[in-house]
Amino acid sequence: MTTQIYKLKIIIIGEYAAGKTSLIKNFVEGAYTKDYRPTIGSNLFIKKLAFKDKIDNEYFFTITVWDIAGQEKWTSLRQTYYRGAQGVFVVGDLTRKNSFEQIENFWIKDFKEFGGTCAKSAPIILLANKNDLTPEIKEEQIRGIAERNGVFKVIYTSAKTGYHVNEAFIAMIRSCSGLEDITPISI
Ligand code: G3D
Ligand code: MG
């Protein structure tokens, strides 16, 4: 049995109010908190998670999730934010079709342009968030955006109910580490 230690930088991008901060908080704190203040500047959230594989090797991950929070407008700040990212969540709000159009028209292009070398290797997972509400966009349109933009996986989430939030982060950790058969020991 061996033990390995990993550190991952994961970033989360997408339109204002798509649910980026709520998703991170749900994952890190295990709860949907409605009354935090809209974040100014960029915030770092840290979560430690232990995984094991089929033959009981252990993998300890320290995951830093960066929340861009209000700095979307400034190219130089986005570059800092993108630097060294090993995985990217791009978030669309199912109740606003435009938030998905912007994923294709702006966010993924921007990451590829300003993300430096990491932009070539970091997996991109698209989160179709607010799955608890009535959608304004069809699944096939979302699939099209994913296929045209090199998105590795689409996951429907709700930061409000917690639906698929942990699953999304586990999928990201597996993809970033290349350890496809690990399972969390506790979450
Ligand atoms: P952002 O960080 O991408 O800007 P926030 O987005 O996480 O601040 O979320 C924006 C608003 O959407 C918040 O509402 C938040 O509670 C809500 N929200 C986020 N995720 C979900 C979800 O999955 N379902 C529902 N129903 N609402 C969600 P307020 O009212 O505080 O602005
Ligand atoms: Mg936010």
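Up top you'll find the structure we're talking about.
Residues numbered from 1 in each chain as written. Chains lettered and ligands numbered in written order. Predicted model: local features only at pLDDT ≥ 70, side-chain atom pairs only at ≥ 80, totals over all residues. Heavy atoms only, no water.

K.L.:
Explain the overall build of the protein chain here, please?
P.N.:
Helix and strand counts for the protein chain come out as six helices and seven strands. Listed by position from the N terminus, the elements making up the protein chain come as β-α-β-β-α-β-α-α-β-α-β-α-β. The burial tally for the protein chain puts 48% of its 187 residues in the buried class. Summarising the internal contacts of the protein chain: among those between residues at least 6 apart in sequence, 72% fall at separations of at least 24. Summed over all atoms, the accessible surface of the protein chain reaches about 9,600 Å², with 52% contributed by carbon and sulfur. (Helix = DSSP H or I, 4+ residues; strand = E, 2+ residues; numbered from the N terminus. Buried < 20%, exposed > 50% of the residue type's maximum accessible area, 1.4 Å probe, protein only. Contact = heavy atoms within 4.5 Å. Areas by Shrake-Rupley, 256 points an atom, 1.4 Å probe, with all protein chains shown as cover.)

K.L.:
Which parts of the structure should I look at to understand the pattern of salt bridges?
P.N.:
When their charged atoms lie close together, side chains carrying opposite charge are able to pair. Counted under the stated rule, the structure contains five salt bridges. Here arginine 78 makes a salt bridge to aspartate 110, at a shortest N to O gap of 2.6 Å. Of this pair, arginine 78 sits in helix α2 (residues 75-82) while aspartate 110 sits in helix α3 (residues 97-114), placing them 32 residues apart in sequence. Judged by relative accessible area, aspartate 110 falls into the buried class, the value being 5%. (Salt bridge = Lys/Arg side-chain N within 4 Å of Asp/Glu carboxyl O.)

K.L.:
What is the right way to read the sheet that holds strand β4 (residues 87-93) from this model?
P.N.:
Working definition: the strands of a sheet are paired by backbone hydrogen bonds and lie parallel or antiparallel to each other. Ordered by their spatial adjacency, seven strands build an open sheet running β6-β5-β4-β1-β3-β2-β7, and the pairing between neighbours is mixed. The two strands at the open ends of the sheet, each matched to only one other strand, are β6 (153-156) and β7 (183-184). Docked against the sheet, helix α6 (residues 165-177) engages β1 (3-14), β2 (43-52), β3 (58-67), β4, β5 (124-129), β6 and β7, running at close to 150 degrees with respect to β4. (Pairing = 2+ DSSP bridges. Axes fitted to C-alpha atoms, helices over the stretch in contact; angles between N-to-C directions.)

K.L.:
Honestly, α2 in this entry has me stumped. Any pointers?
P.N.:
In an α-helix, one full turn covers 3.6 residues, which means residues spaced three or four apart are oriented alike. Within α2, burial applies to Arg78, Tyr81 and Tyr82. For α2, the angular spread of the buried residues around the axis is 95 degrees, confining them to a single face. Contact partners of the buried residues in α2: β1, β3, α3 and α4 (118-121). Just downstream of α2 lies glycine 84, where phi reads positive at about 75 degrees. (Arc of directions from axis to C-beta.)

K.L.:
I tried to follow unusual backbone geometry on my own but got confused; where do I start?
P.N.:
Negative phi characterises most residues that are not glycine, and trans characterises most peptide bonds. Backbone geometry at aspartate 56 places phi at a positive 70 degrees, although glycine is not the residue there. Within the secondary structure, aspartate 56 is located in the loop between β2 and β3. The exposure class assigned to aspartate 56 is partly exposed, which follows from its relative accessible area of 40%. Positive phi outside glycine occurs at lysine 130, with the angle close to 75 degrees. On the secondary structure map, lysine 130 appears in the loop between β5 and α5 (139-148).

K.L.:
I'm lost on the nonpolar core in this one. Help?
P.N.:
Of all hydrophobic cores here, the largest spans 54 residues; its most connected members are Ile13, Phe61, Phe89, Phe100 and Phe111. At seven residues, α6 tops the list of elements feeding residues into this core. Setting aside its immediate chain neighbours within four residues, phenylalanine 61 contacts Tyr6, Leu8, Lys47, Lys48, Leu49, Phe51, Ile173, Ser177, Leu179 and Ile182. (Core = buried A, V, L, I, M, F, W, Y, C linked by side-chain atoms within 4.5 Å.)

K.L.:
Please explain the packing of α3 against α5 as it appears in this structure.
P.N.:
When two helices pack together, you describe them by how their axes are tilted relative to each other and by the distance separating the axes. Here α3 crosses α5 at 15 degrees, and the two axes come no closer than 10 Å. Put simply, α3 runs roughly parallel to α5. For α3 against α5, the interelement crossing comes out left-handed. Across from Lys97, Phe100, Ile103 and Glu104 in α3, the residues of α5 making contact are Gln141, Ile142, Ile145 and Arg148. (Parallel < 35°, antiparallel > 145°, perpendicular 65-115°, else oblique. Left-handed = near helix turned anticlockwise from the far one by under 90°.)

K.L.:
Quick question: what am I supposed to make of the pairing of β2 here?
P.N.:
For β2 and β3, the ladder comprises ten bridges, and the chain directions are antiparallel. Counted as the bridge partner of asparagine 43 is aspartate 67 from β3. Linking β2 back to β3 in an antiparallel pair, the connection comprises five residues, with aspartate 56 at a positive phi of about 70 degrees. Bridge count for β2 against β7 is two bridges, and the pairing is antiparallel. What sits directly across from lysine 52, in β7, is threonine 183.

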